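Overview (structure and organization)
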Amino acid sequence: MAFCISCGTSLSEDEKFCSVCGTPVDPATETTEIAPVQSKTENIKAFAGDVFGKVKDVSVDVAGKVKDVSVDVAGKVKDVSSDVAGSVMNNGIDKGVEKIKEKTTGAVKKFFLKNFIIPVVVAFVVCIGAAVILGGNKATSGGKYDTVRHFISYVSGDGEAKLTLDGKKEAKVEGNISSPQKSYNGKVMAFIATEDGGDYSDGATLYIYNGKLKKIADDVFRFQLANNGKSIAYTTDYEDGSYSLNLWNGGKSKSISKSLGGEFCISPNGKTVGYTEYDDGDYESFVWKNKAKSLGKDTKIIAVSDNYRYVYYQKNNNTYVQKGLKSDKKVKLGDGINTLNFNKSMSECFYNDGSKAKIIAKAKEVKPLKDNGNIINIRYGATAAIGNNIRYSVSSFKNCFYSDGDTIYRITSKFEAEKIAKGEIPQLRKDGKTIFFVKGSGNNGKIYKINGRKSGAEPKLIVSDDNEPVTFTVTDDGHGIYFINSDSEVFYQRGKGKAKQLGESDRNTLYTLYKGNRLYWVEDNELRTSKSGGKAKNVGNFEGDILYAYADPKGVYVYSNDKNTSYIYFSKNGKKFDLISETDS
């Protein structure tokens, strides 16, 4: 099974783009801030969320296979959320029994190029099942449960890339964009670009974009953007098995290490850097804030908080967290842990030790949540996926929701798991408490909603099994539901009213929600749209076969292909589409 090089989402063999973050499977392939599409699959287990709290969805195949074009976590497709979003993000659960570990060897150039440049930043562990954070707390700024106020879109192909911030302030860069990383608020993006058709053997050019494009450095191999978007740690100058580590914080870059041979990381505020040096078979890690301090021999850095208040690292294949540099304060998380999920300050870590979902809070272990699987590509609010770590903009995991695929839970103020309901494909609304989910699958599917913050609340039936719903997305006001059934028929239902058929969907994978109430889907290779369940209409005129459509807050993208030519169209109003990219495959 393949995984996205930038966010860790599982991918099918024929996918050209990651449906979650838009990173091309082949860095030389053109892309946009693509996010996915949706899908039906016999056994769906997934999540959904979306930009600015507008829910979209995702579907998942139990075997962990990603099917068709699309999306988040495990299996088939679509949802929006590209790194963004309101109260929830998606992720599905893979019930297959697979354990995929990234090989980590010494600091040789081949390793860095293969595992960090073209793939730049992520390797996730997939084990038995999964748990996914679904909800949030008031700490997410921007609205009660919104976190992202800005959105960067980009199109890369034909040796040139175009970027826009919030649909304006367009910038152009020579080369193809790869490995984008964003700040918490979505306003800043760092990326590398090469003009040589994706040849990263000699490094690439590092840029930062916030409405204005700024070149940071040439010959860059790896980088990490601080979550506040103000600093970047990056490597250059490969020689004799090691790299130079540098820190850019808006001015002139500083040299941190001349002999980087392992991992490095940057704190959320960008002022503290952790890194591992390798010398003749020996590892030693350091934390740097104006000067370097040793973390100890045989240690490999994983993550570091501001002022290195909390330091996460590996030693003898075990993962630890400790306060500061005092090893007597360390707490063992376990062995075989590869993906750690942090709150904003990194004082809390949501992870799985191979058998149980757990939380470490302030370097103290709290009660395990449930023994039902591992975390896969967990997303919540505005996130930054860096290395094997995902950081969320919430102040605490308290009162968040998570799911093991069959059951939805809330994490209480005591970090305990409170069962909300049995169900799949949970979608948390913008109010931070209403959860929609599916019970059953295929011909037995039903859609319910429940108040996830009210103890003992009973699920309310919204869509019965008469229409056999398989996948769905909820309008922004929480009253309308678009869903697709097992016969690929597209329906709209308002509240508990009668479901109205709008048409049919090709492969049940090609739909996206725009501005919270307008659905786009592909039917007989035509783009169809319906606003608030109104009469469906054909829109646009596209070359080739439509692969899928994707909407972000500023417009609608359509991707199509004709033999060896790929096309990308864009519309600001969802009605008139202009060709913005044409590339020979």
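Secondary structure assignment for the protein yields 1 helix and 48 strands. Residue pairs in contact within the protein that sit at least 24 positions apart in sequence constitute 48% of those at least 6 positions apart. Of the roughly 21,700 Å² that the protein leaves accessible, carbon and sulfur atoms contribute 42%.

To continue, consider the pairing of strand S38 (residues 480-485). Of all 6 residues making up S38, 6 are buried, and the element is well covered by its neighbours. Every second residue of S38 is oriented toward a common face, with Gly480, Tyr482 and Ile484 on one face and Ile481, Phe483 and Asn485 on the other, all of them buried. As judged from the 5 bridges shared by strand S37 (residues 469-474) and S38, these two strands associate in the antiparallel manner. Along S38, the bridge assignment pairs Thr471 with Ile484. In this structure, the hairpin formed by S37 and S38 is closed by a connection of 5 residues, where Gly478 is found at a positive phi of approximately 80 degrees.

This part covers the environment of Ser327. Position of Ser327 among the secondary structure elements: in the loop between strand S21 (318-323) and strand S22 (331-335). Relative accessible area serves as the criterion here: at 46%, Ser327 is assigned to the partly exposed category.

Within the open sheet, the 4 strands sit side by side as S45-S46-S47-S48. Their pairing is antiparallel. Unpaired on one side and paired on the other, strand S45 (545-552) and strand S48 (578-584) mark the two borders of the sheet. Going across the sheet, the axis of each strand differs from the next one's by a mean of 15 degrees, ignoring polarity. The sheet contact formed by strand S46 (residues 555-562) and strand S47 (residues 565-571) spans 7 bridges and is antiparallel. Note on S47: the bridge partner recorded for Val556 is Ser571.

Attention now goes to the sheet that holds strand S17 (residues 282-288). The sheet built from 7 strands is open, its strands ordered S12-S13-S14-S15-S16-S17-S18 with antiparallel pairing. If you trace the sheet from one side to the other, it starts and ends with strand S12 (223-225) and strand S18 (292-297), each paired once. Strand-to-strand twist in this sheet, taken as the mean axis angle between neighbours without regard to direction, amounts to 40 degrees.

Once that is clear, we can look at a negative patch on the surface. Side chains of Asp202, Asp219, Asp237, Glu239 and Asp240 sit close together on the surface and give a patch of like negative charge. For Asp202, the location among the structural elements is in the loop between strand S9 (189-194) and strand S10 (204-209). A relative accessible area of 54% means that Asp202 is categorised as exposed.

All right, on to a positive patch on the surface then. The grouping of Lys168, Lys169, Lys187, Lys212, Lys515, Lys531, Lys535, Lys537, Lys554 and Lys575 at the surface amounts to a positive patch. Its place among the elements puts Lys554 in the loop between S45 and S46. Since its relative accessible area comes to 36%, Lys554 is described here as partly exposed.

What follows is about unusual backbone geometry. Glycine aside, a negative phi is what most residues show, and trans is what most peptide bonds show. Even without glycine at this site, Ala363 takes up a positive phi of about 60 degrees. If you trace the backbone, Ala363 turns up in the loop between strand S25 (357-361) and strand S26 (364-365). Look at Asn525: it is not a glycine, yet its phi comes out positive at around 60 degrees. Within the secondary structure, Asn525 sits in the loop between strand S42 (518-523) and strand S43 (526-531). Its relative accessible area of 26% is what places Asn525 among the partly exposed residues.

The next thing to look at is the pattern of salt bridges. Counted according to the given criterion, the structure contains 8 salt bridges. In this structure, Asp218 engages Lys215 in a salt bridge whose closest nitrogen and oxygen atoms are separated by 3.0 Å. Of the residues examined, Asp218 reaches a relative accessible area of 38% and is grouped as partly exposed. For Lys215, a relative accessible area of 47% corresponds to the partly exposed category. The partner of Arg528 in a salt bridge is Glu523, and the shortest N-O contact between them spans 3.6 Å. Each member of the pair Arg528 and Glu523 is classed as buried.

Bringing the pairing of S9 into the picture now. Working note: regular strand, side chains alternate between the two faces of the sheet. Burial within S9 is extensive, with 6 of its 6 residues counted as buried. Linking strand S8 (residues 176-182) to S9, which pair antiparallel, is a turn of 6 residues; within it Gly186 sits at a positive phi near 75 degrees.

For residues with low pLDDT, the predicted coordinates do not support detailed interpretation. Chain-level pLDDT for the protein is 73 on average; 70% of the residues reach the 70-or-more range. Note on residues 1-130: pLDDT under 50 across the span, and 565 contacts to partners over four residues away in sequence or across chains. Every residue in residues 138-146 is under pLDDT 50, and counting partners more than four places away or in other chains gives 26 contacts.

Counting 23 residues, the largest nonpolar core has Leu527, Phe542, Val558 and Phe577 as its most contacted members. Elements supplying a minimum of two residues to this core: S42, S45, S46 and S47. It is S45 that contributes the most residues to this core, 5 residues altogether. The residues contacting Val558, other than those within four sequence positions of it, are Leu527, Phe542, Ile546, Tyr548, Ala549, Tyr567, Ile568, Tyr569 and Phe577.

Right, let's get into the environment of Tyr409. Relative to the helices and strands, Tyr409 is located in strand S31 (residues 407-411). Taking relative accessible area as the criterion, Tyr409 reaches 7% and is therefore assigned buried. It is 5.1 Å that separates the C-alpha atoms of Tyr409 and Ile420, two residues lying 11 residues apart in sequence.

This part covers the environment of Lys214. Summarising the element assignment, Lys214 is placed in strand S11 (residues 213-220). Here the alpha-carbon distance between Lys214 and Ala190, two residues 24 residues apart in the chain, equals 9.5 Å. Look past the residues within four positions of Lys214 in its chain and what remains in contact with it is Leu206, Tyr207, Ile208 and Trp248.

In total, this model carries 22 aromatic pairs according to the counting rule given. Ring centres of Phe191 and Tyr207 lie 5.5 Å apart, and the angle between their planes is 20 degrees; this geometry places the pair in the stacked category. Pair noted here: Phe191 is in strand S9 and Tyr207 is in strand S10, with a separation of 16 residues, a long-range link. Tyr207 matches Phe191 in its accessibility class, with the two residues each being buried. Plain terms: the ring middles of Tyr313 and Tyr320 are 5.7 Å apart, the flat faces sit at 25 degrees to each other, and that makes the pair stacked. The two residues Tyr313 and Tyr320 agree in class, both being buried. Ring pairs connect the aromatic residues Phe350, Tyr392, Phe397, Tyr402 and Tyr409, which therefore count as one cluster.

Thresholds, definitions, all that
Residues numbered from 1 in each chain as written. Predicted model: local features only at pLDDT ≥ 70, side-chain atom pairs only at ≥ 80, totals over all residues. Heavy atoms only, no water. Helix = DSSP H or I, 4+ residues; strand = E, 2+ residues; numbered from the N terminus. Contact = heavy atoms within 4.5 Å. Areas by Shrake-Rupley, 256 points an atom, 1.4 Å probe, with all protein chains shown as cover. Buried < 20%, exposed > 50% of the residue type's maximum accessible area, 1.4 Å probe, protein only. Pairing = 2+ DSSP bridges. Axes fitted to C-alpha atoms, helices over the stretch in contact; angles between N-to-C directions. Patch = residues over 30% accessible without salt bridge, like charges linked within 9 Å, V, L, I, M, F, W, Y side chains within 5 Å. Salt bridge = Lys/Arg side-chain N within 4 Å of Asp/Glu carboxyl O. Lys, Arg positive; Asp, Glu negative; His and termini not counted. Charge placed at Lys NZ, Arg CZ, Asp CG, Glu CD. pLDDT = per-residue confidence, 0-100. Core = buried A, V, L, I, M, F, W, Y, C linked by side-chain atoms within 4.5 Å. Phe/Tyr/Trp six-rings, centres within 6.5 Å; stacked < 30°, edge-to-face > 60°.

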